[in-house]
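Single-letter residue listing:
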There are 2 protein chains.
Amino acid sequence: MTRTVVALGGNTLLRRGEQSLDAERRRIREAAALVARLRDRGREIVLTHGNGPQVGHLLLQQEAADVPAQPLDVLVAETQAQLGYPLQRELDNRFDDGAVTVVTQVRVDPDDPAFDEPTKPVGPFYTAEEAASKPFETARVSTGDDEPAYRRVVPSPTPTSVVESAQVRDLLSSGTAVVAGGGGGVPVVDEETDAGERRLRGVEAVVDKDRTSQVLGTELDAAELLVLTDVSHAYLDYGTDDQRPLTAVTPAELRRHADAGEFAAGSMRPKVEACADFVDGGGDRAMITSPDHLWAALDGEAGTRVTPDD
Amino acid sequence: MTRTVVALGGNTLLRRGEQSLDAERRRIREAAALVARLRDRGREIVLTHGNGPQVGHLLLQQEAADVPAQPLDVLVAETQAQLGYPLQRELDNRFDDGAVTVVTQVRVDPDDPAFDEPTKPVGPFYTAEEAASKPFETARVSTGDDEPAYRRVVPSPTPTSVVESAQVRDLLSSGTAVVAGGGGGVPVVDEETDAGERRLRGVEAVVDKDRTSQVLGTELDAAELLVLTDVSHAYLDYGTDDQRPLTAVTPAELRRHADAGEFAAGSMRPKVEACADFVDGGGDRAMITSPDHLWAALDGEAGTRVTPDD
């Protein structure tokens, strides 16, 4: 069996502007069918997923109702089950050994510079006036409209380890597919109490799900990392007339392109970094492609395919 | 190691009328401390919990915001992570092998008579006018006020098996404490498609968490079931001047009392039935008591203690 981490973009499960639950359910079934096919081809599966639209909905709901608002770490956990349950159920329907969702925490460094400068937008859009009245940090975001729009911004620290990776490994060994690291995992800091004891504490931040997928994959000695998104490749000069897909590349080549300013922050850049780190960390190969191009990519005929430097 | 299922009442985690998240967090820490102490005394732990107040909050939030409302099965899953994440984190802080939350589905019979007559109230209170406009079944509930109050009512079918019990067993065997079956588990029916394939389908219902705790415990060959609630014992003639605590009892005695009309439906009755079925199903002992009385109960000096018929 090839141990494989499949990272599903949040927008592959609920596209922006696509509000219907029927659409979400259809995408979940499609994702499960894809994972089942990977499984049929001899893979042990860890499935990770984004949660941007889902956590946005929970934040919006909390603002609208007069009940205690849960902190962001708890909301991230909720989205792990909100998406994990239907994913595991649909996987149960497709193979005998079944699947299970593990609520997953990721350690982040309390001194991560991300905590000094929250940049990741989450939740609903606000007017300038609304934003000014909020009890959290907001920033102006680009919407294409004339009217300025604001969103809450939170830190997006780099994950250093996955708290439950030993349990994920146990489950994989017994033949179960595992849904883990949803939404990038619930960020926790590992700190020492005044009494000298170690403890985990949840923090209001979000972790990039591709970075978490890489950390989890490396900890599990996975062979493959498949990053599924809405484009078939990572591109150089993306969005220009000169854009060129990256096909077969090495981590060193990717890092050189990244240093030269390619790959948008918070979008393609974390995917590229995750793939480079995964292969440098011992993985056989990593890929960035869309679900539609996955099968050709696995055959070396599509997608951005990252293999070790010689 | 003694394999033990600990069933925490939803109201031991967030008491009715107690809205603050600080209070909920304090109760979660207390529950984790109790579980850690059980673990220190040589037990393998499966922790189940209720979710009544929490699922109520999610339903209220969904009504208040203009985003797609998730069905009840998904909300139950969300509460499993909402409570499971802080429970597992606090358990991680208290012992080395850690804890993990497993999103859990329970099979129910599609022909369960509960589906014909929804009786379990969930979510917010409505006026008669509001209730009449809702797209779901409501029923008048007793509040003590003059004004009639209504709530949504859903079926509460009996669980027949836990979909993830093999995975819970694997995790226990590797030394991990497992949070599972939260809110009684996500109810699913196991049906055959037109194409003759088996599939699980989520249903809008809620399952009693004590019944699920029993089914899970029996499937795991657990030795103990500890049902923790807000009273120290099950009582005969409860709430009358003649109320008498049940101390050492057998399943047959409990069933005789139940047949005679003791134990309130939806409250003490499922706890009593769960304990009787657990012991009849091979368990060494089951108990109903409060967290404060647990240690005395384990020493045979408090609580309702159920052991096999001779």
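Overview of the structure. (Residues numbered from 1 in each chain as written. Chains lettered and ligands numbered in written order. Predicted model: local features only at pLDDT ≥ 70, side-chain atom pairs only at ≥ 80, totals over all residues. Heavy atoms only, no water.)

**Concerning the overall build of chain A**
Thinking step 1. A count of helices and strands for chain A gives ten helices and 17 strands.
Thinking step 2. Since a compact globule built from 310 residues should have a radius of gyration of about 19 Å, the 19 Å found for chain A is in line with a globular shape.
Thinking step 3. Principal-axis analysis of the C-alpha atoms places the extent of chain A at approximately 55 × 50 × 45 Å.
Thinking step 4. When each of the 310 residues of chain A is scored for burial, the buried share is 60%.
Thinking step 5. A separation threshold of at least 6 residues defines the contact pool for chain A, and within that pool the share at least 24 residues apart is 72%.
Thinking step 6. Of the roughly 12700 Å² that chain A leaves accessible, carbon and sulfur atoms contribute 42%.
Thinking step 7. Taken together, the 32 basic and 54 acidic charged side chains of chain A have centroids lying 5 Å from each other. (Helix = DSSP H or I, 4+ residues; strand = E, 2+ residues; numbered from the N terminus. Rg over C-alpha atoms; globule rule 2.2 N^0.38 Å. Buried < 20%, exposed > 50% of the residue type's maximum accessible area, 1.4 Å probe, protein only. Contact = heavy atoms within 4.5 Å. Areas by Shrake-Rupley, 256 points an atom, 1.4 Å probe, with all protein chains shown as cover. Lys, Arg positive; Asp, Glu negative; His and termini not counted. Charge placed at Lys NZ, Arg CZ, Asp CG, Glu CD.)

**What to know about helix α8 (residues 251-259) of chain B**
Residues and elements named next belong to chain B.
Thinking step 1. Taken as a whole, α8 has its buried residues at Pro251, Leu254 and Ala258. On an axial view of α8, the arc spanned by its buried residues comes to 65°, and they lie on one face. Residues of α8 that are exposed and point over 90 degrees away from its buried face: Arg256 and Asp259.
Thinking step 2. Where α8 is buried, its residues meet β15 (248-249), α9 (268-280) and β17 (304-306).
Thinking step 3. Backbone geometry just downstream of α8 places Gly261 in the positive-phi region, at approximately 95°. (Arc of directions from axis to C-beta.)

**Structural notes on the environment of Ala77 of chain B**
Thinking step 1. In this structure, Ala77 of chain B sits in helix α4 (residues 72-92).
Thinking step 2. On the basis of relative accessibility, which here comes to 0%, the residue Ala77 of chain B falls in the buried class.
Thinking step 3. Along the chain, Ala77 of chain B and Ala276 of chain B lie 199 residues apart, while their C-alpha atoms are 28 Å from each other.
Thinking step 4. Not counting the four nearest positions on each side in its chain, Ala77 of chain B is found in contact with Ala81 and Tyr85 of chain A together with Val103 and Val186 of chain B.

**Considerations on the relation of the copies chain B and chain A**
Thinking step 1. Mapping chain B onto chain A leaves a residual RMSD of 0.0 Å; the transformation is a rotation of 180° accompanied by 0.0 Å of translation along its axis. Accordingly, the operation relating the two chain copies is best matched by a two-fold axis.
Thinking step 2. In this assembly the copies share their binding face: 100% of the residues contributing to the interface of chain B also contribute to that of chain A. (Least-squares fit on C-alpha atoms with pLDDT ≥ 70 in both.)

**Points about the interface of chain B and chain A**
Thinking step 1. On the side of chain A, 49 residues touch chain B, which itself brings 49 residues to the contact.
Thinking step 2. Both sides of the chain B and chain A interface together cover about 4000 Å² of buried area, and 58% of this is carbon and sulfur.
Thinking step 3. Where chain B meets chain A, there are two salt bridges.
Thinking step 4. Where Arg89 of chain B meets Asp73 of chain A, a salt bridge forms, and the shortest distance between an N and an O atom there is 3.7 Å.
Thinking step 5. Inspection of the chain B/chain A interface yields 20 residue pairs in polar contact (both at pLDDT 80 or more).
Thinking step 6. Of the residues forming the side of chain B that touches chain A, the biggest block, ten residues, is contributed by α4 of chain B.
Thinking step 7. Split into classes, the residues belonging to the side of chain B that touches chain A amount to 22 nonpolar, 15 polar and twelve charged. (Buried area = accessible area lost by both parts, 1.4 Å probe. Salt bridge = Lys/Arg side-chain N within 4 Å of Asp/Glu carboxyl O. Polar contact = N/O pair within 3.5 Å; in protein donor to acceptor, adjacent residues only side chain to side chain. Nonpolar A, V, L, I, M, F, W, Y, C, P; charged D, E, K, R; others polar.)

**Description of the nonpolar core**
Thinking step 1. In this structure, Phe263 of chain A together with Phe263 of chain B are the most contacted members of the largest nonpolar core, which totals 82 residues.
Thinking step 2. Not counting residues within four places of it along the chain, the set of residues in contact with Phe263 of chain B comprises Ala234, Tyr235, Leu236, Leu246, Leu254, His257, Ala258, Met268, Arg269 and Val272 of chain B.
Thinking step 3. Within the second largest apolar cluster, 36 residues are counted, among which are Leu75, Tyr85 and Val103 of chain A together with Tyr85 of chain B. (Core = buried A, V, L, I, M, F, W, Y, C linked by side-chain atoms within 4.5 Å.)

**Some words on the sheet that holds strand β5 (residues 120-126) of chain B**
Residue and element names in this part refer to chain B.
Thinking step 1. One open sheet holds the three strands; their spatial order is β5-β7-β6, and the pairing between them is antiparallel. Each edge of the open sheet carries a strand with a single partner, namely β5 and β6 (138-141). Sheet twist, expressed as the average angle between the axes of neighbouring strands with direction ignored, equals 40°.
Thinking step 2. Where β6 lies against strand β7 (residues 149-154), four bridges are found, and the strand directions are antiparallel. Along β7, the bridge assignment pairs Val141 with Ala149. (Pairing = 2+ DSSP bridges. Axes fitted to C-alpha atoms, helices over the stretch in contact; angles between N-to-C directions.)

**Some words on the packing of aromatic side chains**
Pairs of aromatic rings are described using the distance from one ring centre to the other and the angle between the two planes.
Thinking step 1. Under the defined criterion, the tally for this structure stands at four aromatic pairs over all chains.
Thinking step 2. Ring centres of Tyr235 of chain A and Tyr238 of chain A lie 5.6 Å apart, and the angle between their planes is 35°; this geometry places the pair in the tilted category.
Thinking step 3. By relative accessible area, Tyr235 of chain A is classed as buried at 16%.
Thinking step 4. Ring centres 6.2 Å apart and planes at 40° place the aromatic pair Tyr126 of chain B and Phe136 of chain B in the tilted group. (Phe/Tyr/Trp six-rings, centres within 6.5 Å; stacked < 30°, edge-to-face > 60°.)

**Thoughts on the pattern of salt bridges**
Where charged atoms from two side chains of opposite charge approach closely, those side chains can pair.
Thinking step 1. Taken as a whole, this structure holds 44 salt bridges over all chains when the rule is applied.
Thinking step 2. As a salt-bridge pair, Lys271 of chain B and Asp210 of chain B come within 2.9 Å of each other at their nearest N and O atoms. Residue Lys271 of chain B is found in helix α9, and its partner Asp210 of chain B is found in helix α7 (residues 209-219); the two are separated by 61 residues along the sequence. Both residues of the pair, Lys271 of chain B and Asp210 of chain B, belong to the buried class.
Thinking step 3. Its salt-bridge partner being Arg244 of chain B, residue Asp237 of chain B comes within 2.8 Å of it at the nearest N-O pair.
Thinking step 4. For Asp237 of chain B, a relative accessible area of 31% corresponds to the partly exposed category.
Thinking step 5. For Arg244 of chain B, a relative accessible area of 40% puts it in the partly exposed group.
Thinking step 6. Salt bridges sharing common partners tie together Arg211, Arg255, Glu273, Asp277 and Asp280 of chain A.

**Focus: helix α3 (residues 52-64) of chain B**
Thinking step 1. The terminal C-alpha atoms of α3 of chain B, which comprises 13 residues, lie 19 Å apart, in line with the 18 Å expected from a rise of 1.5 Å per residue.
Thinking step 2. Turning to α3 of chain B, its buried residues are Pro53, Gln54, Val55, Gly56, His57, Leu58, Leu59, Gln61 and Gln62 of chain B. (Expected span 1.5 Å × (residues − 1).)

**Some remarks on unusual backbone geometry**
Thinking step 1. The phi torsion at Asp237 of chain A lies on the positive side, around 50°, for a residue other than glycine.
Thinking step 2. With respect to the secondary-structure elements, Asp237 of chain A resides in the loop between β13 (235-236) and β14 (244-245).
Thinking step 3. If you check the backbone angles, Asp221 of chain B has positive phi at about 55° while not being a glycine.
Thinking step 4. Summarising the element assignment, Asp221 of chain B is placed in the loop between α7 and β12 (224-228).
Thinking step 5. On the basis of relative accessible area, Asp221 of chain B is assigned to the exposed category, the value being 58%.

**Some remarks on the environment of Val189 of chain B**
Residue and element names in this part refer to chain B.
Thinking step 1. By the element assignment, Val189 lies in strand β10 (residues 186-192).
Thinking step 2. Residues Val189 and Ala36, spaced 153 residues apart in sequence, show a C-alpha to C-alpha distance of 35 Å.
Thinking step 3. Residue contacts for Val189: discarding those within four places in its chain leaves Val108, Pro110, Arg199, Leu200, Arg201 and Val203.

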